[in-house]
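Observations on the three-dimensional arrangement
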Amino acid sequence: MAKASVTSFDSPPVRFVLRMPIPRSVVHYLGRKLFRFLLTVQGLGAFALITLGVIFRKFRTARQVVWPLVFHETARAGLRLLPLFLFMSASLGLVVIGQTVSWLTKVGAINYLGTIMVVVVVRELGPLLTALLVLARIGAANVIELGTARALGEVEALEALGIDPVHYLVVPRVIGMAAGAFSLMVYLILGALISGYLWAFLQDVPLRPGEYFRQLAEALSGLDFAMLAIKTLVFGFMIAVITCYHGLAQPLRLEEVSYATVRAVAQSVIACVLLDALFIIIYLAK
Amino acid sequence: MAGITTIAKSETGVTSPPAIIEMREVASGSMRDLNTVGVEGVNWTVAAHDYWVIGGLQGSGKSDFLAMTGGLMPPLRGEYRLFGEKMPIFDEARLPTRLRMGLVFETGQLFNHLTIRENVGLPFRYHKNLSKAAVFDRVSTFLEALELGPFADSTPGALALNWQKRAALARALILEPDLLLLDSPVFGLDLRQLNWWLGFMDELWRGHKLLARPVTLVVTTADLRPWRGRAHQFAILRERKLSVLGTWQQVEAASSELVSELLTIEQKR
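Procedures and definitions
- Residues numbered from 1 in each chain as written.
- Chains lettered and ligands numbered in written order.
- Predicted model: local features only at pLDDT ≥ 70, side-chain atom pairs only at ≥ 80, totals over all residues.
- Heavy atoms only, no water.
- Helix = DSSP H or I, 4+ residues; strand = E, 2+ residues; numbered from the N terminus.
- Areas by Shrake-Rupley, 256 points an atom, 1.4 Å probe, with all protein chains shown as cover.
- Contact = heavy atoms within 4.5 Å.
- Buried area = accessible area lost by both parts, 1.4 Å probe.
- Salt bridge = Lys/Arg side-chain N within 4 Å of Asp/Glu carboxyl O.
- Polar contact = N/O pair within 3.5 Å; in protein donor to acceptor, adjacent residues only side chain to side chain.
- Nonpolar A, V, L, I, M, F, W, Y, C, P; charged D, E, K, R; others polar.
- Phe/Tyr/Trp six-rings, centres within 6.5 Å; stacked < 30°, edge-to-face > 60°.
- Buried < 20%, exposed > 50% of the residue type's maximum accessible area, 1.4 Å probe, protein only.
- Lys NZ or Arg CZ within 6 Å of the ring centre and 35° of its normal.
- Pairing = 2+ DSSP bridges.
- Axes fitted to C-alpha atoms, helices over the stretch in contact; angles between N-to-C directions.
- Parallel < 35°, antiparallel > 145°, perpendicular 65-115°, else oblique.
- Left-handed = near helix turned anticlockwise from the far one by under 90°.
- pLDDT = per-residue confidence, 0-100.
- Patch = residues over 30% accessible without salt bridge, like charges linked within 9 Å, V, L, I, M, F, W, Y side chains within 5 Å.

With that settled, consider the overall build of chain B. When helices and strands are counted, chain B shows nine helices and twelve strands. A total accessible area of about 12,200 Å² is found for chain B, and carbon and sulfur atoms account for 51% of it.

Taken residue by residue, the interface counts 26 residues in chain A and 25 residues in chain B. In total, about 2,200 Å² of surface goes out of reach between chain A and chain B, with carbon and sulfur atoms giving 57% of it. Among the residues chain A hides against chain B, the three largest losses belong to Gln 64, Glu 154 and Leu 161 of chain A. Together they make up 26% of the total. Counting the contacts that link chain A with chain B gives one salt bridge. The salt bridge partner of Glu 92 of chain B is Lys 58 of chain A, with a shortest N-O separation of 2.9 Å. Inspection of the chain A/chain B interface yields nine residue pairs in polar contact (both at pLDDT 80 or more). Elements with a contribution of two residues or more to the side of chain A that touches chain B: helix H4 (63–77), helix H7 (154–160) and helix H8 (165–202) of chain A. It is H7 of chain A that contributes the most residues to the side of chain A that touches chain B, six residues altogether. When the residues that make up the side of chain A that touches chain B are grouped by side-chain class, the tally is twelve nonpolar, five polar and nine charged.

We now examine the packing of aromatic side chains. Enumeration over the complete set of coordinates arrives at 13 aromatic pairs over all chains. Consider the rings of Trp 44 of chain B and Phe 65 of chain B, whose centres lie 5.7 Å apart with planes at 45°: the pair is tilted. With a gap of 21 residues between them, Trp 44 of chain B in strand E4 (residues 39–47) and Phe 65 of chain B in helix H2 (residues 62–69) connect regions that are remote in the sequence. Here the two residues Trp 44 of chain B and Phe 65 of chain B agree in accessibility, since each one is buried. Relative to Phe 200 of chain B, the ring of Trp 196 of chain B has its centre 4.8 Å away and its plane inclined at 15°; by these criteria the two rings are stacked. With a gap of four residues between them, Trp 196 of chain B and Phe 200 of chain B both fall in helix H7 (residues 191–206), about one helical turn apart. In this pair, the class of Trp 196 of chain B matches that of Phe 200 of chain B, namely buried. Clustering of aromatic rings is evident, with ring pairs tying together Phe 59, Trp 67 and Phe 71 of chain A. Sitting over the ring of Phe 83 of chain B, Arg 100 of chain B keeps its end group 3.9 Å from the ring centre.

The next subject is the sheet that holds strand E9 (residues 179–182) of chain B. Residues and elements named next belong to chain B. With mixed pairing, six strands are arranged side by side in an open sheet as E8-E9-E10-E5-E11-E12. Only two strands of the sheet have a single partner each, and these edge strands are strand E8 (101–104) and strand E12 (241–246). In this sheet, adjacent strand axes meet at a mean angle of 20° when their direction is disregarded. In this sheet, E12 lies alongside strand E11 (residues 233–238) in antiparallel orientation, the contact comprising five bridges. Of the residues in E12, the one forming a bridge with Ile 236 is Ser 243.

Another aspect to go through is the packing of helix H6 (residues 113–151) of chain A against helix H9 (residues 209–219) of chain A. Residue and element names in this part refer to chain A. Running from amino to carboxyl end, H6 crosses H9 at an angle of 55°, the nearest separation of the two axes being 7 Å. Relative to H9, H6 is oriented oblique. Viewed along their axes, H6 and H9 form a crossing whose handedness is right-handed. Contact residues: H6 offers Leu 113, Gly 114, Thr 115, Met 117, Val 118 and Arg 123, while H9 offers Tyr 212, Gln 215, Leu 216 and Ala 219. Among the residues forming the contact of H6 with H9, the class breakdown is six nonpolar, three polar and one charged.

Next up on the list: the confidence of the model for chain B. Residues and elements named next belong to chain B. With 89% of its residues at a pLDDT of 70 or more, chain B has an overall mean of 85. Predicted confidence for residues 1–12 stays below pLDDT 50, and this span has 18 contacts to residues more than four positions away or in other chains. As a predicted assembly, this complex carries a pTM of 0.84 together with an ipTM value of 0.86.

With that out of the way, let us pick up the pairing of E9 of chain B. Residues and elements named next belong to chain B. What you see with E9 is no split at all: Leu 179 and Leu 181 on one side and Leu 180 and Leu 182 on the other are buried throughout. Note that E8 and E9 share four bridges and pair parallel. In the strand pairing of E9, Val 104 is matched with Leu 182. Bridge count for E9 against strand E10 (residues 216–221) is four bridges, and the pairing is parallel. Looking across to E10, one finds that Leu 180 is bridged to Leu 217.

This part takes up a nonpolar patch on the surface. Residues and elements named next belong to chain A. Together, Phe 182, Val 186, Leu 190, Ile 194, Leu 198, Phe 213 and Leu 233 make up a nonpolar patch on the protein surface, roughly 580 Å² of accessible area in all. When residues of the nonpolar patch are assigned to their parent elements, the largest contribution, five residues, is made by H8. Along the chain, Phe 182 falls in helix H8. Owing to a relative accessible area of 30%, Phe 182 belongs among the partly exposed residues under this scheme.

Structure representation (structure tokens):
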């Protein structure tokens, strides 16, 4: 079989196809994609730096106007999503425990239940799921709100009144989303760890609560807490910057808002996954 | 700043009011595309206590020109000074100069997520760092003066366009500007609203009790007729040029086909 497959790949038609020059249209297509990607990265980077600059430079400017907005956005991206996150934490505990308990019991490795919960829930699924849920519930709404405001000329109205649109519209969302994502991640992970034990208990796993939490404590390190905090804050910051960038940073017509929303959501997902991969590398390198 | 603090003296010794807007060979772009020339070669001076009306057909670039004058985009070419300061002003240090100018958009462009009261109070709160409660009385005064009291707690989407425009006017006035730019303020209004706007602008120009001092006005329009006997200086935008016509008598005497159109005089065929 192996010889046959090698022969078929080494056939004259295949060799002919492999030696053909790449069609120019394909090169152009890939070039355009790459160019657009680089422009987007440049735009996002510049927007993120501008936002950070405004946060620090105007920290004390118009506090009576901007800080209530920050609290509003924190409540919107955090507190109001709590019921959803409690439901998701219960589900996450069920999913992870339900899948692993039977296998761990079979191989006699039930003592690793806590370690698996730390590796899967605390380090990976918890932060990533938090980011994706915040993106779905608040990030998409951000693009629509800001894109509509942009299309209706509200941003120009702010500028005409001498109000910095980044300070008034973006800063509260960035701080609120970072703080909200961080808080929700804490609740999601705690909920998943507790519900995980409850599901294990219901499956008659011979594991006492004290032993389960001892396993969790042993598997956790100081680095985990630091990485979790940094990861979710950066996730929240990135989602807010990407969604605000697509809603605000370029002139939009009303009919373009839906496309901007799709672009922002896709780029946010990619950015979160890439960032998550970066954190995995840091974990592996430690 | 010399332009605003001193009264200029001409060679004949007659004092003239200080220039508020000075444009020399200015070209303005478009809000959709900053590099597309909308109007060019503009040489225009607005003095304190002037009342200008700029006429032009729809699509002639009035809104973009006013947006450039309002500092929303830089001039493509030429020199533009506002109260003696070079425009555009984007830096914080010179912001107070820019805030001496108010801009009212054609459709109001209110913030849809805020109520009318919040819309009107926002610029004052932002620049003075005040809470909603602290500006309540001041905002109420402006709302009452513009007959917006009954709509104070409504959002813009619940209001007709004419009331939205009034709210936008109140929002611009709350910062007590010396110069007010109004983009087609009477477009699409019924006669009652039209008369209210014309009367209110007259009061602003003379010195409304809200501000206690006269306001310099620059208004754009697609119909010159309502401004007869009200505005003092007229100009038109045509073929990407700003042509200063002068007083109403000079407008009526102008033989331009466009002026006739803006006066809605039936053309001889």
